[in-house]
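Overview (structure and organization)
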Amino acid sequence: MQVDYIIVGFGLAGMAMSKELEDHGHSFVVLDNASQVSSRVAAGVFNPVILKRFTPVWNADEQLDNLFPFYTDISKRLGGEYLTFFETLKVFKSIEDQNNWFMACDNPLLEKYMNPKIIKEEVNGIHYFEGFGQVKGTGRVLVTKVLDDYIDYLKNKDQFLEIPFLHDELEINQDTINYKDITAKKIIFAEGYGLKENPFFNHLPLTGTKGEMLFIKAPELKLTQQIKSALFVLPVGDDIYWIGATFNWNDKTLDATEKGKAELLEKLNTMIDVPYQVINQFGGIRPTVKDRRPLVGKHSIHKNLIVFNGMGTRGVMIAPTVAKQLYQYLENNKSLPKEIDIERFKS
Ligand SMILES: Cc1cc2nc3c(=O)[nH]c(=O)nc-3n(C[C@H](O)[C@H](O)[C@H](O)COP(=O)(O)OP(=O)(O)OC[C@H]3O[C@@H](n4cnc5c(N)ncnc54)[C@H](O)[C@@H]3O)c2cc1C
């Protein structure tokens, strides 16, 4: 098989790059072995406001401008619906929280997303302290559904192989690379935390942060919005709520742990006051980076080896924009923004 590109990994990064290549008429094949699950366990939420500090998400406007057409195009291509919208309510625990909210509402980057009026009405099933702050422009991508539909679409065109990529079997030539019976001009590694096993790029400072989440069933909690406090509580239909997430920098396994569950339940019990039943628990490793920016660029010696990683805690918002930037860099010689270019770690 002869193609322009091989993509290793089909999470949010690999999918965004697949779409970008297809949009521009390039041939490619994807290899994935389901060894990482960050995208598949992600709640898929996009939110332009960091609710811990009431600060804007890095490049939020540009990322949202790219996110909506990205999923509208994918819906046309695959025939499914992958975006849902809801408002997010931040629980205010104190008057100080309210004051910080008011101050943040004056930030020109935040004013269109934050409602300056404090919501004083109680929300059924949620502990009330000092009211709520409302974030506009939030929603969720149905990540597993879109990945599964995209994989079926690529499989139908013989562009998706469910196999592990073994790095030591890659043959690198001046202008091409060979992997088993595939010859390509370039290879893009979008392996998430799997980058740690990649000898060409594992020197990059990918830290990896494990996140665990729960599904609970709570028929008396009639939420239509996402509630954010110590955790987020997100309705996903049929009285089921997504509860998350933990942040663990030491455990690099994908296992659901008793410790993770205990932490989630302790925090959840400070948020809701209706009965619930835990119905599922799962975990994954977010591909986080020391400086919280993506890792994108070419290998220092083998210029046909490319990395697309470091989506961190916000792959849903970041991946469509970074895929565009990477494409322009690879095919039209445009520079990568310095803050995502792996050149920043050269020393
Ligand atoms: C609990 C949790 C909740 C989250 N919630 C959100 C959220 O609400 N919103 C948001 O924007 N982000 C969220 N994130 C973060 C988001 O999931 C990540 O930013 C994103 O999924 C990273 O995508 P990726 O494609 O880089 O990596 P991954 O999703 O990990 O994909 C990498 C792919 O590469 C494959 N792979 C790796 N090595 C090989 C190999 N050698 N051969 C073949 N295939 C290989 C893996 O199987 C995998 O499919 C969350 C993450 C977690 C863990």
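Under an unreviewed UniProt entry, the name given to the protein chain is Glycine/D-amino acid oxidase-like deaminating enzyme, and the source organism is Wenyingzhuangia heitensis.

**Comments concerning the overall build of the protein chain**
Secondary structure assignment for the protein chain yields seven helices and 21 strands. Taking 20 Å as the expected radius of gyration for a compact globule of 347 residues, we find that the protein chain reaches 21 Å, a close match to that expectation. By its C-alpha atoms, the protein chain is 65 × 40 × 40 Å across when sized along the principal axes. The burial tally for the protein chain puts 54% of its 347 residues in the buried class. Taking the contacts inside the protein chain whose residues are at least 6 apart along the sequence as the reference set, 72% of them involve residues at least 24 apart. Put simply, the protein chain shows about 15,900 Å² of open surface, and 49% of that area lies on carbon and sulfur atoms. Distance from the positive charge centre (40 side chains) to the negative charge centre (45 side chains) of the protein chain: 4 Å.

**Structural notes on the domain arrangement of the protein chain**
Segmentation of the protein chain into domains returns domain 1 (2–44 + 144–205 + 290–345), domain 2 (88–136) and domain 3 (209–286). Placing a centre on the C-alpha atoms of domain 2 and another on those of domain 3 gives a separation of 22 Å. With 11 residues of domain 2 at the contact, the number on the domain 3 side is 15 residues. Each partner contributes to the roughly 1,100 Å² buried at the junction of domain 2 and domain 3, and carbon and sulfur atoms together form 53% of this total. Across the contact surface, domain 2 and domain 3 share zero salt bridges. Taken together, the connections running from domain 2 to domain 3 amount to seven residue pairs in polar contact (both at pLDDT 80 or more).

**Concerning the environment of L221**
Among the secondary structure elements, L221 is positioned in the loop between β15 (209–217) and β16 (226–228). Expressed as a C-alpha distance, the spacing of L221 and V135, which sit 86 residues apart in the sequence, is 20 Å. With residues up to four places along the chain from it excluded, the contact list for L221 reads N124, G125, I126, V233, Y241, I272 and V274.

**Quick word on the site of the ligand**
In the vicinity of the ligand, 37 residues are found, and the nearest of them are D32, S35, S39, F165 and G312. In the model, an oxygen atom of the ligand is placed 2.6 Å from a nitrogen or oxygen of the D32 side chain. Q36 places a polar main-chain atom, nitrogen or oxygen, 3.2 Å from an oxygen atom of the ligand. About the coverage of the ligand: the protein hides 95% of its 1,000 Å² of free accessible area. Partitioning the shell around the ligand into residue classes produces 18 nonpolar, 15 polar and four charged. Taken domain by domain, the makeup of the shell around the ligand includes at least three residues from each of domain 1 (2–44 + 144–205 + 290–345) and domain 3 (209–286).

**Thoughts on the packing of aromatic side chains**
In this structure the tally under the stated criterion is 19 aromatic pairs. Through a chain of ring-to-ring contacts, three or more aromatic side chains come together here, namely F165, Y179, F189, F200 and F201. The cationic tip of R286 hangs over the ring face of F247; the distance from NZ or CZ to the ring centre is 3.9 Å.

**Focus on unusual backbone geometry**
The omega torsion of the bond from G244 to A245 falls at -10 degrees, within 30 degrees of zero and hence cis. A positive phi angle is found at N59, which is not glycine, with a value near 55 degrees. Looking at where N59 falls in the secondary structure, it is placed in the loop between β5 (55–56) and α3 (60–78). Here N333, not a glycine, exhibits a phi torsion of approximately 55 degrees, which is positive.

**As for the sheet that holds strand β10 (residues 139–141)**
With antiparallel pairing, three strands are arranged side by side in an open sheet as β3-β10-β6. Both outer strands of the open sheet, β3 (45–46) and β6 (83–85), are each paired with one neighbouring strand and no more. Inspection of the sheet shows β6 paired to β10 by three bridges, in the antiparallel sense. Bridge pairing in β10 links F85 to G139.

**Here we look at the pairing of strand β18 (residues 240–244)**
Burial within β18 is extensive, with five of its five residues counted as buried. Side chains I240, W242 and G244 project from β18 onto one buried face, and the interleaved Y241 and I243 project onto a second face that is buried too. By the bridge criterion, five bridges tie β15 to β18 in an arrangement that is antiparallel. What sits directly across from I216, in β18, is Y241.

**A closer look at the sheet that holds strand β9 (residues 132–135)**
Judged by pairing direction, the sheet is mixed, and its eight strands sit side by side in the order β8-β9-β7-β16-β17-β18-β15-β19 without closing on themselves. Looking at the sheet topology across the chains shown, the edges are occupied by β8 (114–119) and β19 (277–286). Going across the sheet, the axis of each strand differs from the next one's by a mean of 25 degrees, ignoring polarity. With three bridges joining them, strand β7 (residues 88–91) and β16 adopt parallel strand pairing. Counted as the bridge partner of T88 is Q226 from β16.

**Describing the side chain of Q225**
The residue Q225 is located in the loop between β15 and β16 in this model. Every residue in contact with Q225, bar those within four places of it in the chain, is listed here: E87, L89, V233 and P235.

The rules behind each value
- Residues numbered from 1 in each chain as written.
- Predicted model: local features only at pLDDT ≥ 70, side-chain atom pairs only at ≥ 80, totals over all residues.
- Heavy atoms only, no water.
- Helix = DSSP H or I, 4+ residues; strand = E, 2+ residues; numbered from the N terminus.
- Rg over C-alpha atoms; globule rule 2.2 N^0.38 Å.
- Buried < 20%, exposed > 50% of the residue type's maximum accessible area, 1.4 Å probe, protein only.
- Contact = heavy atoms within 4.5 Å.
- Areas by Shrake-Rupley, 256 points an atom, 1.4 Å probe, with all protein chains shown as cover.
- Lys, Arg positive; Asp, Glu negative; His and termini not counted.
- Charge placed at Lys NZ, Arg CZ, Asp CG, Glu CD.
- Domains from an automatic or database assignment.
- Buried area = accessible area lost by both parts, 1.4 Å probe.
- Salt bridge = Lys/Arg side-chain N within 4 Å of Asp/Glu carboxyl O.
- Polar contact = N/O pair within 3.5 Å; in protein donor to acceptor, adjacent residues only side chain to side chain.
- Near = heavy atom within 4 Å.
- Nonpolar A, V, L, I, M, F, W, Y, C, P; charged D, E, K, R; others polar.
- Phe/Tyr/Trp six-rings, centres within 6.5 Å; stacked < 30°, edge-to-face > 60°.
- Lys NZ or Arg CZ within 6 Å of the ring centre and 35° of its normal.
- Pairing = 2+ DSSP bridges.
- Axes fitted to C-alpha atoms, helices over the stretch in contact; angles between N-to-C directions.

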